Amino acid sequence: MFMVRVKIFRPEPDVDMVNLPSGSNATGNPESYSALKYGAATSITTKEPTFRKSSLKTVYRWLEAKRQDDRAEGLWRIHDDLYDLTEFIGRHPGGADWIRLTKGTDITEVFEMHHIRNYASQLLPMYKVRVAHERRTIRYTFHEQGFYRTLKRKVSAKLETLDQRPARYSEIIQDLLMISTFALAWFATYMNSYLVAALCGWILALTMICAHNFFHRKDNWRMLIFNLAFLSYREWRISHVISHHSYPNSIQDLELLFFEPFLCWFVHPKKSLLQRFGSWFLEPIVYAVLLSDGLIKRIVETCTTENNTFFVEDMIPLVLPIFLYSTCSQSLTTVLIIWTIILIVASFLFGFIGLSAAHHHPAIVHSGDLLPSEIDFGVYQLAATADSSDKKVCQFQVLTGFGDHCLHHLFPTMDHGMLAQLYPTFLETCAEFELEYQEFSWWQMFVGQYRQLARIIPSDYLVSSEKNI
């Protein structure tokens, strides 16, 4: 295991949980016991998100809650300024949805991590309305001489000199995975083989994980491949890109909130034994139904509200069974059985790989752990993310196993295959700021996420040098 382990984060698991103030809550209440110790906090947000009170947790309800909480006053908030980007929606190079969906919210984190160069910052003054009346609810800092802005400047200077071939290799890998999925599905149906169908499900899971590389970027046809098994790239741009990448392992992270109360990786001294250890046995079931969960929620939300959450690309999952029925001389029943096996296996492996990849281990910060009252955005990303040392052997492993994940969180719009070229600059900057970069083996991450489910004792992640804040 390789690790640049230095003094910035000081895990101190022996926090006195007996003498907590009455009503304290280690899952994210900013006024909990942490506020009394070192001037720290248990969450990166200063208020409990309105979304947590929602009975039906969906991406659109999360956005609506952010419009209430973010103090953007119906506009687009970036740092402490408000902008009206209405006229820019149709001209946004990354696609109109990024701007349209986020109206009325604070997009500071998304703006910072999606624009490595200064071009977008130079355009902003044209759309500025005024300074916001209230402070941001997020504790992140983006100081010009802080870790994240410094790293961005260094990476920006290197962009023109990077080898662009890995980005093309990523496209080839994605295309071959998609072709393999259809070929294996055809053979499974033609031979009525459940074993081949299971193999196809495995390849489909890898295909969708690889497609995650493409919905982070400007609109492109490969992002549509993510929809092959009832997931929605449109919704994942909200839950994964805007929510998870901005606020990993926090009470604003939809990828964790969706699993509550069945799976809870947050640190809470009052988690029940069922939540802590029963979840170990429940988790495989959750994996198997993961792909259908989003579809069910969309149906419920569309039927119970005036919001239509379905779009034309939601027909993409039907392409595979239609292809099988029209090209194989098998009954509709056989096609549906094979298709169901493919989906269940794909769902299980997608969840299994994703939840053990990079974020859940006792050494990784989660909501409930003690944080500085203000923390550099990049510093927090490193605290909430770890890399799997087993997934750096080749680009295929990186693309299909959420590899190079720390750098991916810092620069999500870069092709996953390109990130390996940033390591010299990244490690140099980590050393300059005395920052920790964590790597674990896949097995350590797999076991670690079960340990994290059971963890109830907070750790301290307090910055020991003001330079890093």
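Further up the page is the structure itself.
(A) Structural view of the overall build of the protein. Summing up its helical and strand segments, the protein has 17 helices and nine strands in all. For the protein, the proportion of its 469 residues judged to be buried stands at 60%. Accessible area of the protein: about 19,300 Å², with a carbon and sulfur share of 62%.

(B) Main features of unusual backbone geometry. Residue Pro-261 is bonded to the preceding Glu-260 through a cis peptide linkage, with omega at 0°. Phi at Arg-71 takes a positive value of approximately 60°, unusual for a residue other than glycine. In this fold, Arg-71 is placed in the loop between α1 (59-69) and β2 (76-78). On the basis of relative accessible area, Arg-71 is assigned to the partly exposed category, the value being 26%. For Phe-402, which is not glycine, the phi dihedral falls at a positive 55°. When you line up the elements, Phe-402 lands in the loop between α14 (395-400) and α15 (405-410).

(C) Here's a closer look at the sheet that holds strand β3 (residues 81-83). Spatial strand order, β2-β3-β4: three strands in an open sheet with antiparallel pairing. In the strand order of this sheet, the two ends are held by β2 and β4 (128-131), each with one partner. Taken over all neighbouring pairs, the strand axes of this sheet differ in orientation by 30° on average, direction set aside.

(D) Fine view of the pattern of salt bridges. Taken as a whole and assessed by the stated rule, the structure comprises 34 salt bridges. Across the salt bridge formed by Asp-70 and Lys-66, the nearest N and O atoms sit 2.6 Å from each other. The class for Asp-70 is buried, based on a relative accessible area of 3%. By relative accessible area, Lys-66 is classed as buried at 3%. For the salt bridge of Glu-235 with Arg-298, the shortest nitrogen-to-oxygen distance reads 3.8 Å. In this pair, Glu-235 sits in helix α8 (residues 233-244) while Arg-298 sits in helix α10 (residues 273-304), placing the two residues 63 residues apart along the sequence.

(E) Representation of the packing of aromatic side chains in the model. In the structure shown here, the tally under the stated rule is 32 aromatic pairs. A ring pair is formed by Tyr-140 and Tyr-247, whose centres lie 6.5 Å apart and whose planes are at 0°; its orientation type is stacked. Residue Tyr-140 is located in strand β5 (residues 140-141), and its partner Tyr-247 is located in the loop between α8 and α9 (254-257); the two are separated by 107 residues in the primary sequence. On the basis of relative accessible area, Tyr-140 is assigned to the buried category, the value being 6%. The exposure class of Tyr-247 is buried, given its relative accessible area of 2%. Aromatic pair Phe-142 and Phe-377: ring centres 5.3 Å apart, planes at 25°, arrangement stacked. One end of the pair, Phe-142, is in the loop between β5 and α5 (147-158); the other, Phe-377, is in helix α13 (residues 377-383), with 235 residues separating them in the sequence. The same class applies to Phe-142 as to Phe-377, namely buried.

(F) Molecular detail of the nonpolar core. Grouped together as the largest cluster of nonpolar side chains are 114 residues, with contacts concentrated most on Tyr-140, Phe-147, Phe-226, Phe-350, Phe-411, Met-414 and Phe-426. Sequence-distant contacts of Phe-147, that is, excluding residues within four places in its chain, are made with Asp-376, Gly-378, Val-379, Leu-382, Phe-426, Thr-429, Cys-430, Phe-433 and Leu-435. Residues Ile-89, Ile-99, Ala-120 and Tyr-127 belong to the second largest nonpolar core, which totals 12 residues.

(G) Up close: the layout of surface pockets. Considering only enclosed or pocket space, the largest pocket measures out at about 1,200 Å³ in volume. In this structure, the largest pocket is lined by 38 residues; those nearest its centre are Gly-94, His-114, His-115, Lys-218 and Thr-413. At the level of elements, α2 (96-101), α3 (108-114), α4 (119-123) and α6 (165-191) are the ones that each hand at least two residues to the lining of the largest pocket. As for the second largest pocket, its lining consists of 40 residues, and the residues nearest its centre are Trp-236, Glu-255, Phe-258, Phe-259 and Leu-290. Of all elements in the fold, only α8, α9, α10 and α12 (332-355) reach the threshold of two or more residues within the lining of the second largest pocket. Among the elements that take part in the lining of the second largest pocket, α10 stands out by supplying 10 residues, more than any other.

(H) How the structure looks around the environment of Tyr-233. Structurally, Tyr-233 is set in helix α8. Residue class for Tyr-233 comes out buried when judged on its relative accessible area of 6%. Those residues in contact with Tyr-233 that lie beyond four places of it in its chain are Phe-215, Met-223, Leu-224, Phe-226, Asn-227 and Glu-313.

(I) The arrangement of helix α16 (residues 423-432) in detail. By the burial criterion, the buried members of α16 are Tyr-423, Thr-425, Phe-426, Thr-429 and Cys-430. All buried residues of α16 project into a common sector of 165° when viewed along the axis, lining one side. Structural note: α16 exposes Pro-424 and Ala-431 on the side pointing more than 90 degrees away from its buried face. Considering only its buried residues, α16 is in contact with α5, α13, β8 (387-388) and α15. Backbone geometry just downstream of α16 places Glu-434 in the positive-phi region, at approximately 55°.

(J) Representation of a nonpolar patch on the surface. A cluster of nonpolar side chains, Tyr-169, Ile-172, Leu-176 and Ile-179, forms an exposed patch at the surface whose accessible area comes to about 380 Å². One can find Ile-172 in helix α6.

(K) Looking closely at helix α11 (residues 319-327). Residues of α11 that are buried: Leu-320, Pro-321 and Leu-324. The buried residues of α11 occupy an angular sector of 95° when the element is viewed end-on, so they sit on one face. With respect to the buried face of α11, the exposed residues turned more than 90 degrees away are Ile-322 and Ser-326.

The rules behind each value
Residues numbered from 1 in each chain as written. Predicted model: local features only at pLDDT ≥ 70, side-chain atom pairs only at ≥ 80, totals over all residues. Heavy atoms only, no water. Helix = DSSP H or I, 4+ residues; strand = E, 2+ residues; numbered from the N terminus. Buried < 20%, exposed > 50% of the residue type's maximum accessible area, 1.4 Å probe, protein only. Areas by Shrake-Rupley, 256 points an atom, 1.4 Å probe, with all protein chains shown as cover. Pairing = 2+ DSSP bridges. Axes fitted to C-alpha atoms, helices over the stretch in contact; angles between N-to-C directions. Salt bridge = Lys/Arg side-chain N within 4 Å of Asp/Glu carboxyl O. Phe/Tyr/Trp six-rings, centres within 6.5 Å; stacked < 30°, edge-to-face > 60°. Core = buried A, V, L, I, M, F, W, Y, C linked by side-chain atoms within 4.5 Å. Contact = heavy atoms within 4.5 Å. 1 Å grid on protein atoms, 1.4 Å probe; cavity = no way out; pocket = protein on both sides within 12 Å on 5 of 7 lines; lining within 4 Å. Points joined across faces, edges and corners; volume = space filled by probe spheres on them. Arc of directions from axis to C-beta. Patch = residues over 30% accessible without salt bridge, like charges linked within 9 Å, V, L, I, M, F, W, Y side chains within 5 Å.

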